[in-house]
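Here are the chains, one letter per residue:
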Amino acid sequence: MLAFIVTTLLCFVIYLLLTTGSGTEIVILNEDFLSWSYAEIILGLILSIIVGIIARKVFVKDNYRMANIVRWFRFLAYICGPFFVGMAKANIDVAYRVITGKINPGIVKISPNLKTDLGITMLANSITLTPGTLSVDIDEEKNDLYIHWINVKKEALKKKPVDCKYICGEFPKWIRRITE
Amino acid sequence: MIEAETLYLILGLLILSIVLCIIRVFKGPTAPDRVVGLDTINTLVIVSMIVYGLVSSSVIYIDVAIVYALLSYISTLFIAKYLEGGEF
Amino acid sequence: MSISQIVDYIAIILLAIGTFFSILGGLGLLRFPDVYTRLHAGTKCTTFGAIFICGSVVLLGLKMWYFANPDGSVLTIHTIGALIAILVTNPTGAHAIARAAHRSGVKPVGAVVDDLEGKTLRKSISKKKEADK
């Protein structure tokens, strides 16, 4: 029941955000922003209840850990801080390699020791968007990631699996704080 | 306000990069190469739609861009699954 | 120089950076030797370019909103929605293509090391599913 309510509310909020300025019957701030017509609101409620019935088991898995608002603020800080800096570095790096054509690729294995599915998804996406790395495959039993690395450093290969700090820096610590 | 010519120039440059991706789609030696080209074309088309929505100041293009982003993502996942040869 | 002109110049600079990275993505797609490195160029550069171009459009939409143009608020909110859609879907799609390429037998060209070589992760998982049944 709680899963159904959470899914329906989220759908309804997204629907309202996408249909602002549709009419002038309900006005909150002024007529240009946050104003809806009755038809949009009724249609949005019906649609989000249908979506909530269908998708309640898909959207909310087993725990309500991400319902804590502090985790969302940490997530925003992670996106704006280390993630964006890493992404800018990645793009300058790729630009250098596109122009000069120097590459030294390889596929390495790392074990970040994250437990939740959401955490491993976030780490894989972050790795794909940050310096010279691309997640290729995942070992679902141990949550190990296989990473394609565009410029393999020799000193990183001495230990297997490769240390996380060469690939993704401080990201696992941040993600553990967000999701666990 | 930015002149419309500047925005049309930027649209032209984006279409130039789409053309580069189309060359890769035609040349690509293996099937995954072609899929990479198509995926890149999808992102560039979304961005061009957003810029064109700004030029013509009509929001409907940006709505279409959102729907196009989600649908192209699903099509990419399906093609990847097909290349893998797994069951759906 | 008024506020409006300064905002216009910032928006043009952001648009130029975004377009530069988009063209770089196309060039990288042509220059790199194999699927994985092409994915590097295609995914990272176009996502970064999309962030800058959408940021510029959001800035111009906020300016229109400030000067009481009714299109401004809708433009801003919908562009942020499109940007979030791109940011969530792009790396996941790249990961799916990379996994499909490796499982369909494409080897990385000139690889120094390949830890995934010869491993069949999917078979072990399907065996586990059969065992569960």
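Quick caveat, the model's predicted, so the values are computed rather than measured.

The rules behind these values
- Residues numbered from 1 in each chain as written.
- Chains lettered and ligands numbered in written order.
- Predicted model: local features only at pLDDT ≥ 70, side-chain atom pairs only at ≥ 80, totals over all residues.
- Heavy atoms only, no water.
- Contact = heavy atoms within 4.5 Å.
- Buried area = accessible area lost by both parts, 1.4 Å probe.
- Salt bridge = Lys/Arg side-chain N within 4 Å of Asp/Glu carboxyl O.
- Polar contact = N/O pair within 3.5 Å; in protein donor to acceptor, adjacent residues only side chain to side chain.
- Helix = DSSP H or I, 4+ residues; strand = E, 2+ residues; numbered from the N terminus.
- Nonpolar A, V, L, I, M, F, W, Y, C, P; charged D, E, K, R; others polar.
- Expected span 1.5 Å × (residues − 1).
- Buried < 20%, exposed > 50% of the residue type's maximum accessible area, 1.4 Å probe, protein only.
- Phe/Tyr/Trp six-rings, centres within 6.5 Å; stacked < 30°, edge-to-face > 60°.
- Pairing = 2+ DSSP bridges.

A. Structural context of the interface of chain C and chain A. Taken residue by residue, the interface counts 46 residues in chain C and 45 residues in chain A. Carbon and sulfur atoms supply 70% of the area that chain C and chain A bury against each other, a total of about 4000 Å² over both sides. One can count zero salt bridges joining chain C with chain A. Our count for the contact surface shared by chain C and chain A stands at four residue pairs in polar contact (both at pLDDT 80 or more). Elements with a contribution of two residues or more to the side of chain C that touches chain A: α1 (3–31), α2 (35–66), α3 (71–103) and α4 (121–132) of chain C. If you tally residues by element for the side of chain C that touches chain A, the top one is α3 of chain C, at 13 residues. When its residues are assigned to classes, the side of chain C that touches chain A shows 27 nonpolar, eleven polar and eight charged.

B. Examining helix α3 (residues 60–84) of chain B more closely. All names here are of chain B. With 25 residues, α3 extends 36 Å from end C-alpha to end C-alpha; this agrees with the ideal 36 Å at 1.5 Å per step. Of the positions making up α3, those classed as buried are I62, A65, I66, A69, S72, T76, A80, L83 and E84. Remark: G85 follows α3 within two positions and exhibits a positive phi of approximately 80 degrees.

C. Spatial organisation of the packing of aromatic side chains. Applying the stated criterion across every chain, the model contains seven aromatic pairs over all chains. Relative to F75 of chain A, the ring of W72 of chain A lies with its centre 6.1 Å away and its plane at 85 degrees, an arrangement referred to as edge-to-face. With W72 of chain A and F75 of chain A both in helix α3 (residues 69–100), this residue pair falls three residues apart, about one helical turn. Plain terms: the ring middles of F20 of chain C and F21 of chain C are 5.5 Å apart, the flat faces sit at 65 degrees to each other, and that makes the pair edge-to-face. On the basis of relative accessibility, which here comes to 46%, the residue F20 of chain C falls in the partly exposed class. The buried category is assigned to F21 of chain C, whose relative accessible area is 8%.

D. Focus on the pairing of strand β5 (residues 144–149) of chain A. Residue and element names in this part refer to chain A. For β5, the tally of buried residues reaches six of six residues, placing the bulk of the element in the interior. Alternating residues of β5 divide into D144, Y146 and H148 and L145, I147 and W149, and every residue in both groups is buried. When strand β3 (residues 106–110) meets β5, the two strands line up antiparallel, connected through five bridges. Bridge pairing in β5 links I107 to H148. Inspection of the sheet shows strand β4 (residues 133–139) paired to β5 by six bridges, in the antiparallel sense.

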